[in-house]
Every structure is written in C-alpha cells, then in structure tokens.
Amino acid sequence: MDLEQFRNLAKKNILVTGGAGFIGSNLCEALLSLNANVTCLDNFATGHKHNIAPFLSHKNFALIEGDICDLKTCQQACLNQDFVLHQAALGSVPRSINDPITSNNVNVGGFLNMLVAARDKGVKRFIYAASSSTYGDSESLPKEEDKIGKPLSPYAITKYVNELYAEIFNTTYGLNTIGLRYFNVFGRRQDPNGAYAAVIPLFVKQFMDHVSPVINGDGSYSRDFTYIDNVVQMNLLSITTENEDALNQVYNTAVGDRTTLVQLTELLKKHLSFFDEKIQEVAIIHGPNRKGDIPHSLASVEKAERLLGYKPTHAIDSGIGEAAKWYWENLKD
Ligand SMILES: NC(=O)c1ccc[n+]([C@@H]2O[C@H](COP(=O)([O-])OP(=O)(O)OC[C@H]3O[C@@H](n4cnc5c(N)ncnc54)[C@H](O)[C@@H]3O)[C@@H](O)[C@H]2O)c1
C-alpha cells in the first residue's frame, strides 16, 4: 500500500485500541511504517499476541495490556495521545445474540469510557470502528449514511449507540470524532478460528483443509466485501484530513460493489487452487439462512470520496488474491 501521502504522521502519538486484533494490528503496522508512536491497548479477548509479535521490539511501539471496561486504564492509555483509533469491541452478531450483556458492556460501556478518557486527556480526534450493521432492516441499496433502518441484533444496537454517543461528545464537549462504518472487512491476520470466525477466513481455512464450507441459504445473499488496505486508508484519511466539514461524520468504509456468497466461494477457489489444485474439487454445502442476516449489503462510498478523498485501492478480486496468498504462507503447516 502506498502510504506516502500520510508521511506527516511521523512522530504523532496514536492510540490503537484493539490493536492486537485483525484490523487494529494492520493499523499499528501501517502507523509504525510511517514512524508514528503507536500505543496498543488490548486485553486479548479475541486478539492475539502473534498479531503484534513483530512490533513488540519496535522502539515506537508500546503495549498496554488492559480492558476498556476499566476507566482508569482508558485514562492512562489516552495520556499524551494526539489521536485515538478505537477498534476494541466484541464483534459478531451471533456472539451478541448468545451473550448480549457482555457485548453491551464492552461495546457500549467500554466505548463510553474511551470517549470520556479521550475528552479528559485532550485527544485531538477520536476515530472509531462503526458498522454496516447499523443499516439494520433498511432495504435501500446502495446504503447511504443518513438512511438507516431498525437494528437487527444486539451487536447492531451497540454500534449504533456508539454513533449517538460520538455525536453527543462532539456537541456537548467539543471532542472531534469520525465513525467508520466497516462493511465485511477481510485480509491478512483475520482470525479463521473460533465459533465466531468471519466467513472469508473460515472458508479459506476449510478449503485449505479440503473441508466443505457451509453457505447459509442458497448463496444469493451479497455483501460489499472490503479488503483491509481500504480500511487502513480510511483510518489514515480520517486522522489527517484538513477538511473541517469531514469531521464529526460517519462514513461507509467499503468498496461500493457487492459479491454473492456463491461468487465469493468461486473467487476463493480460484485464488487458493493456485497453491493447491485439489481445492477446485471441494464441494459447497448449503444450510439454512442465519437469524439476523440481511439479504444484501452494498455501500455508497460517495461521501467518503467527496469529503475525505477516499479512493479504494482493492476490489474484491485483488483483495482475495492477496488474502489467499497470505493465508497460504501463514496458515499452511
Ligand atoms: N471485521 C469486520 O468485518 C468488521 C465490520 C464492522 C465493524 N467491525 C469493528 O471493527 C473493530 C475491529 O474488528 P476486528 O474484525 O479487527 O475484530 P478483532 O476481534 O480481531 O479485534 C478486536 C480487538 O479488540 C480487543 N478487545 C475486545 N474486547 C476488549 C476489551 N474489553 N478491552 C480491550 N480490548 C478488547 C480484542 O482482543 C481484539 O484484539 C471492532 O470494533 C468491530 O466491531 C469489524
């Protein structure tokens, strides 16, 4: 990824919460390559030490092992920070359906702690991971930021509440915030293991093990799958933008294209069979549709292009190509 335009982040102090997770560790990596001073706050609830292992010896990297549910920890982490990239949360719709209290404690209580700490310590800008789940039952396509429906899961409620709190912290206390509504992000370091693994790493691992992936439903449901480099770009643009109108907004963070689940499995097969041709023969199984899943999701990225100057660098095909290569090199035993 060409980060040249973000060189002015050198020496800036930036806190990445959830920095040991999938998206957070990619943000830490990009920021370190720009010579920023990076602090990672993570309790390893779903993140991993191996995601940040290469950064631990870096002179510009600090790890705070702690929980965002503890206000004092958040206050300590925000001390002397210029910017916060808040990624820490419990992801996954099914996780929130199984245990709504814990998802709410972390995603709402922890979020509020981080806002209070950022306000108290004079953080210049608070950028946070919002979610496409905020569109809920709205059927309009493409999704535009100001047209949302009713939330369809406890997780979606938590992410919508984040947006409401961020707005209030701006209007009440003058904290500058930007919310990035991520759409099905994928790429290097996304965890393929565990009950709540996302569809792309899960299917990649199953194909690599010659196990048939199960598509929920007939495979016609579609998503705006977004490669991690596009998400990193949106975060860096949010920190560096000098456009005052771009602040205190939420943005779709996506590509603006949609792919059905059947097309996704074909793409995965195409790119993975480059490494193991037997993967072409792995059959797909279909199961029932999953509770809380919306049929289609497609973002308009016009607002991000207009206000932040966003230009997605990876469409799904090239993103899957890079992800497949990474998984092959890093997961294959
Ligand atoms: N991956 C996606 O497609 C997607 C889509 C929409 C929104 N998001 C949001 O993006 C953010 C990052 O997601 P991800 O995919 O990298 O998930 P992830 O699980 O890999 O990363 C989340 C990180 O937060 C940490 N964390 C969780 N609870 C914590 C706590 N109480 N205190 C400190 N750290 C804690 C975890 O250990 C982990 O490292 C989350 O806020 C998620 O809701 C992700």
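Residues numbered from 1 in each chain as written. Predicted model: local features only at pLDDT ≥ 70, side-chain atom pairs only at ≥ 80, totals over all residues. Heavy atoms only, no water.

(A) Seen up close, the overall build of the protein chain. Within the protein chain one finds 11 helices and 13 strands. Its C-alpha atoms give the protein chain principal-axis dimensions of roughly 55 × 45 × 40 Å. When each of the 333 residues of the protein chain is scored for burial, the buried share is 54%. Of the contacts made within the protein chain by residues no fewer than 6 positions apart, 81% connect residues no fewer than 24 positions apart. Accessible area of the protein chain: about 14400 Å², with a carbon and sulfur share of 50%. Of the side chains in the protein chain, 31 bear a positive and 37 a negative charge, and the two mean positions are spaced by 4 Å. (Helix = DSSP H or I, 4+ residues; strand = E, 2+ residues; numbered from the N terminus. Buried < 20%, exposed > 50% of the residue type's maximum accessible area, 1.4 Å probe, protein only. Contact = heavy atoms within 4.5 Å. Areas by Shrake-Rupley, 256 points an atom, 1.4 Å probe, with all protein chains shown as cover. Lys, Arg positive; Asp, Glu negative; His and termini not counted. Charge placed at Lys NZ, Arg CZ, Asp CG, Glu CD.)

(B) Here's a closer look at the packing of helix α7 (residues 199-208) against helix α11 (residues 316-331). One can describe the packing of α7 onto α11 by two numbers: an axis separation of 11 Å at closest approach and a directional angle of 55°. Here α7 is positioned oblique relative to α11, judged by the angle of their axes. Of the two elements, α7 crosses α11, and the hand of that crossing is right-handed. The residues of α11 that touch α7, namely those facing I200, P201, V204 and M208, are I320, Y327, W328 and L331. Of the residues assigned to the contact of α7 with α11, the class counts are 8 nonpolar, no polar and no charged. (Axes fitted to C-alpha atoms, helices over the stretch in contact; angles between N-to-C directions. Parallel < 35°, antiparallel > 145°, perpendicular 65-115°, else oblique. Left-handed = near helix turned anticlockwise from the far one by under 90°. Nonpolar A, V, L, I, M, F, W, Y, C, P; charged D, E, K, R; others polar.)

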